[in-house]
Amino acid sequence: HTKRAGRNGYHFFEASMNVNAHNQLQWLQDLRMALERKEFLLHYQPKFNSPSGQVLGAEALLRWQHPTHGLVGPDEFIGLAERSGLIVPIGEWVLNEACRQMKVWFDMGHEDWTIAVNLSALQFAHADLIDLVKDTLSRHGLPARCLTLEVTESTAMHDAENSLKTLQKISDLGVDISIDDFGTGYSSLLYLKRLPANELKIDRGFIRDLADGNDDAAIISAIVALGRTLNLRIVAEGVETTKQQDFLTSVGCDALQGYLMGRPMTPEKFLEATSNLQNSVVQPL
Ligand code: C2E
Ligand code: MG
Ligand code: MG
Ligand code: MG
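If you're wondering where the values come from, they're calculated on a predicted model, not measured in any experiment.

Calculation notes
Residues numbered from 1 in each chain as written. Chains lettered and ligands numbered in written order. Predicted model: local features only at pLDDT ≥ 70, side-chain atom pairs only at ≥ 80, totals over all residues. Heavy atoms only, no water. Salt bridge = Lys/Arg side-chain N within 4 Å of Asp/Glu carboxyl O. Helix = DSSP H or I, 4+ residues; strand = E, 2+ residues; numbered from the N terminus. Buried < 20%, exposed > 50% of the residue type's maximum accessible area, 1.4 Å probe, protein only. Pairing = 2+ DSSP bridges. Donors = N, O, S within 2.8 Å, 3.2 Å for Na, K, Ca; no water. Contact = heavy atoms within 4.5 Å. Phe/Tyr/Trp six-rings, centres within 6.5 Å; stacked < 30°, edge-to-face > 60°.

One pass over the full model with this rule turns up eleven salt bridges. Residue aspartate 131 is joined to lysine 134 by a salt bridge in which the shortest nitrogen-to-oxygen separation is 3.9 Å. Residue aspartate 131 and its partner lysine 134 are located together in helix H6 (residues 129-140), separated by three residues, close to a single helical turn. The class for aspartate 131 is partly exposed, based on a relative accessible area of 43%. It is possible to trace a salt-bridge network through shared partners that takes in Lys47, Asp176, Glu199 and Arg233.

Okay, here's the thing in structure tokens:
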């Protein structure tokens, strides 16, 4: 299997694989065929209320079952998909599949869950986004409140005035908005105040290096306080240790996500793992 690449996917093609132009072209050709060949799938990572441990739903995370390279993660191809524009049809597939799955869970009685779908910058700027979201929800008969759209802080900050309009339209549909990788962009407080978002997701980097009394601990506390003031839910992603969990709970994070409580998994495993928890306390899955 290939080496893990950087978050933006560029490293995969430009460094870690040390590939030549022909290989890049090959990957692009493979990516072009992937939808048609039904090689994409979604894994679902649970999200838990803190401190109750109640399951709040899942984040849908894209995977590519490549015919020769095996299961490939999004960090390795989202960059190429974005640069080639293929992220638009791929993103449509993700939204549709996530809503389809959420409707299955809804019909099983999990009416209080929400499914979170990540949007790329290009999708977010795409004129058809609002109609796409509206049509997808109605096609599946899924209430808007069961869907959350995640956009990164950088995406939301880029072309701030237009972003605000798009976010407002999403919000008007009744769909929740989560600002992903929060703390890595450059939001001004004035902008944040105007943002029609429901949730801030503290970037994994702050959680990773978290230790009692260090800068990251102080930053996290500050973000939680900011969330209180602006009436935004604060979610921590990348929770891997009980120490991190305890800290995040003690400062008042509203929800937690991470390998400690549950990795991204197939929909079957997800259902099994969450029903085993019986909505009790957060426990490692
Ligand atoms: P993200 O939205 O910030 O998702 C969180 C990433 O952190 C996921 O990586 C998840 O598997 C990983 N993660 C969760 N808990 C832990 C933990 O405790 N420790 C560690 N080390 N990692 C954890 P993944 O699935 O590889 O996705 C990477 C990024 O790719 C996502 O970051 C998101 O930006 C993007 N992505 C994933 N699916 C999609 C998609 O359908 N569309 C778009 N446009 N982007 C996607
Ligand atoms: Mg996300
Ligand atoms: Mg994130
Ligand atoms: Mg991220």
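Let us now look at the pairing of strand S4 (residues 114-118). Extensive coverage of S4 is indicated by the burial of four of its five residues. Relative to S4, strand S2 (residues 55-66) runs parallel, the two being bridged by four bridges. From the neighbouring strand, alanine 58 faces S4, where its bridge partner is isoleucine 115. Bridging between S4 and strand S5 (residues 147-152) involves four bridges; their strand directions are parallel.

It is worth spelling out the coordination of the magnesium ion (ligand 2) at this point. The protein atoms that coordinate the magnesium ion (ligand 2) are Glu59 (OE), Asn118 (OD1), Glu150 (OE) and Asp180 (OD), at distances spanning 2.0 to 2.2 Å. All donor residues of the magnesium ion (ligand 2) come from one chain, and their arrangement in sequence is E-x58-N-x31-E-x29-D. Between the magnesium ion (ligand 2) and the magnesium ion (ligand 3) the interatomic distance comes to 4.2 Å, and aspartate 180 is a ligand of both metals. Of this pair, glutamate 150 sits in strand S5 while aspartate 180 is found in strand S6 (residues 176-182), placing the two residues 30 residues apart along the sequence.

In this section: the environment of leucine 62. Residue position: leucine 62 is located in strand S2. Leaving out residues up to four positions away in the same chain, leucine 62 has contacts with Phe40, Leu41, Leu42, Pro74, Phe77, Ile78, Ile90, Trp93 and Val94.

With that settled, the discussion passes to the coordination of the magnesium ion (ligand 4). Taken together, the protein ligands of the magnesium ion (ligand 4) are Asp181 (OD) and Asp181 (OD), with distances of 2.4 to 2.7 Å. A spacing of 5.3 Å is found between the magnesium ion (ligand 4) and the magnesium ion (ligand 2). Among the secondary structure elements, aspartate 181 is positioned in strand S6.

This part is about the environment of isoleucine 87. Of note, isoleucine 87 is situated in helix H4 (residues 87-107). Along the sequence, isoleucine 87 and isoleucine 234 sit 147 residues apart, while their C-alpha atoms lie 28 Å from each other.

With the rule as written, the count across this model stands at nine aromatic pairs. Plain terms: the ring middles of tryptophan 64 and phenylalanine 77 are 5.4 Å apart, the flat faces sit at 80° to each other, and that makes the pair edge-to-face. In this pair, tryptophan 64 sits in strand S2 while phenylalanine 77 sits in the loop between strand S3 (70-72) and helix H3 (78-84), placing the two residues 13 residues apart along the sequence. Like tryptophan 64, the residue phenylalanine 77 is buried in the burial classification. Where tryptophan 113 meets phenylalanine 270, the ring centres are 5.4 Å apart and the plane angle is 90°; that geometry is what we call edge-to-face. Of this pair, tryptophan 113 sits in the loop between H4 and S4 while phenylalanine 270 sits in helix H13 (residues 267-277); the two residues are 157 residues apart in sequence, bridging distant segments of the chain. With respect to burial, tryptophan 113 and phenylalanine 270 carry one shared label: buried. Counting every residue linked through ring pairs, the aromatic cluster contains Trp27, Phe40, Trp64, Phe77 and Trp93.

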